[in-house]
Amino acid sequence: MSAIERILERARWAPSGDNSQPWRFEVVADDHVVVHGHDTRDWCIYDIDGRPSQLAHGALLETLAIAARDQGLVATATRRPDSPDARPQFDVRFARADAIQAEPLAAAIERRTVQRRPLRRRALQPAEKAALQAAVGDGYEVRWLEGANRATMALLLFHYAKLRLIAPEAYAVHRDVIAWNSRFSETKVPDAAVGLDPLTTRLMAWVMQRWSRVEFFNRYLAGTVAPRVQLDLVPGLACAAHFLIVAKDEATTIDDYVAAGRAMQRLWLTATMFDLWVQPEMTPLIFAAYVRRDRPFSRKPEIWSRARKLAGRLHQIIGDDARRAVFMGRIGAGSAPRARSLRRPLAELLVR
Ligand SMILES: Cc1cc2nc3c(=O)[nH]c(=O)nc-3n(C[C@H](O)[C@H](O)[C@H](O)COP(=O)(O)O)c2cc1C
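An account of the accompanying structure is given in this report. (Residues numbered from 1 in each chain as written. Predicted model: local features only at pLDDT ≥ 70, side-chain atom pairs only at ≥ 80, totals over all residues. Heavy atoms only, no water.)

Overview of the packing of aromatic side chains
To keep things clear, this is the line we draw: Classification of ring pairs uses Phe, Tyr and Trp, with its six-membered ring standing for Trp, and accepts pairs whose centres are within 6.5 Å; under 30 degrees between planes counts as stacked, over 60 as edge-to-face, and the remaining range as tilted. Comment: elements are numbered from the N terminus, with helices defined as DSSP H or I runs of at least four residues and strands as E runs of at least two. Buried residues are those whose accessible area, probed at 1.4 Å on protein chains only, stays under 20% of the maximum for their type, while exposed residues exceed 50% and partly exposed ones sit between those limits. Two conditions define a charge sitting above a ring: the NZ of Lys or the CZ of Arg must be within 6 Å of the ring centre, and it must be within 35 degrees of the ring normal.
Inspection of every chain in the model, using the stated rule, returns 8 aromatic pairs. Here tyrosine 160 and phenylalanine 287 contribute two aromatic rings whose centre-to-centre distance is 6.4 Å and whose plane-to-plane angle is 40°, an arrangement assigned as tilted. A residue pair is termed long-range when its members are at least 10 positions apart, and tyrosine 160 in helix H4 (residues 148-166) and phenylalanine 287 in helix H10 (residues 283-292) qualify at 127 residues. For the ring pair phenylalanine 243 and phenylalanine 327, a centre distance of 6.1 Å and an interplane angle of 40° mean the geometry is tilted. Of this pair, phenylalanine 243 sits in strand S9 (residues 241-247) while phenylalanine 327 sits in strand S11 (residues 325-332), and the two are 84 residues apart along the sequence. Judged by its relative accessible area of 0%, phenylalanine 243 falls in the buried class. Put simply, the rings of Tyr46, Tyr160, Phe287, Tyr290, Phe297 and Trp304 touch in pairs and so form one group of aromatic residues. We note arginine 112 situated over the ring of tryptophan 268; from NZ or CZ to the ring centre the distance is 4.4 Å.

A look at the side chain of arginine 164
Put simply, the test is: Between N or O atoms, a polar contact is any pair within 3.5 Å; within protein, one atom must be a potential hydrogen donor and the other a potential acceptor, and residues adjacent in sequence are included only when both atoms are from side chains. Residues count as neighbours in contact if any of their non-hydrogen atoms are within 4.5 Å of one another.
By the element assignment, arginine 164 lies in helix H4. At 3.4 Å, the side chain of arginine 164 forms a polar contact with the side chain of threonine 283. When near neighbours in sequence (up to four residues on either side) are disregarded, arginine 164 contacts Tyr46, Ala170, His174, Asp232, Thr283 and Phe287.

Digging into the pattern of salt bridges
Formally: We define a salt bridge as a contact between a side-chain nitrogen of Lys or Arg and a carboxyl oxygen of Asp or Glu at a distance within 4 Å.
Tallied over the entire structure, the rule returns 22 salt bridges. Note that arginine 293 and aspartate 49 form a salt bridge whose closest N and O atoms lie 2.4 Å from each other. With a gap of 244 residues between them, arginine 293 in the loop between H10 and helix H11 (301-318) and aspartate 49 in the loop between strand S2 (32-37) and helix H2 (51-69) connect regions that are remote in the sequence. The exposure class assigned to arginine 293 is partly exposed, which follows from its relative accessible area of 33%. The shortest N-O distance in the salt bridge between glutamate 62 and arginine 266 comes to 2.5 Å.

Side note on a nonpolar patch on the surface
Counted only if it meets this: Only residues whose relative accessible area exceeds 30% and that take part in no salt bridge are eligible for patches, with like-charged residues grouped when within 9 Å of each other and nonpolar side chains (Val, Leu, Ile, Met, Phe, Trp, Tyr) grouped when within 5 Å. Per-residue accessibility takes into account occlusion by the displayed protein chains alone, with areas from the Shrake-Rupley method and a 1.4 Å probe.
On the surface, Phe216, Tyr220 and Leu221 cluster together to form a nonpolar patch covering roughly 360 Å² of accessible area. Mapped onto the secondary structure, leucine 221 falls in the loop between helix H7 (211-220) and helix H8 (225-237).

Printed below as a string of structure tokens:
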């Protein structure tokens, strides 16, 4: 395996929404790779204007740079300005550097993974917070929601989860991105990593096969309650804190989101070094962005009016940070997940 292949082998462990891995690699020369990105806005309601995919592209480029530094190489990435935003291309060039600084975050690349199950409630130490703030750099501020705010956020997430579960547009995504009956998946999110207990998982696997079942279950059997308690309310309470990565200047371009993705990944890898687990909680930010742009994302009017109400609630809690936040999640110590997403093998990601 060449040095570049060794670096790509590690870079592919970067996180992406629903494990979509929106990237392919073209090795042009010993010191040059073109990353062919894409997004999923055509079919995924969560990928609003491709922004979450662009965060993932940033995470990939950051992971690539960290893996390169671990091999004594400096990786410099530039986006081709003429490539469309929905299919961005990045030239990554590698150069040998003599006095390269050691890269401690490299040790966390493969270990970093989402933990969606309850975490410990012990508060973060000042040193942990300081390291996480340093990880995102000067362009961003990490805002913590702890103590009583934790319950406020848990309740907000519980309400947002209802939108996710009653919107037919979201159902289509969940049906396609969850790998049922599995602990590991190269292309999807295994159901065992989602955070439901085994019985509810089995029930959901059956219900989710058809929209008519989901509707019946929701209408007559309060079907959203058990999953929302298990996936949102309990984990929302059982963590050290919720947090936002807030850009000092509002992110508006693809380059802003790619840069934000790099910061997000540095924070996530730093958390991993401290044995802290992270779960992204992007739904409130994404649905609030639809509301800000006045773009109904569901054919059901009831869902749109709920989304508008919840966006108002989010604004009450975090104020103008709702506009400048590029990432939201929860964090805490706890045990490692027993299930996780894997990745497509490198051979599948290489293109000519
Ligand atoms: C931009 C972005 C948004 C994400 N949003 C969510 C989310 O809202 N909820 C969640 O549970 N996981 C979310 N994830 C986590 C991905 O599902 C996860 O990274 C992916 O499935 C790969 O799994 P791994 O991180 O455990 O390797 C998000 C990840 C990224 C990069």
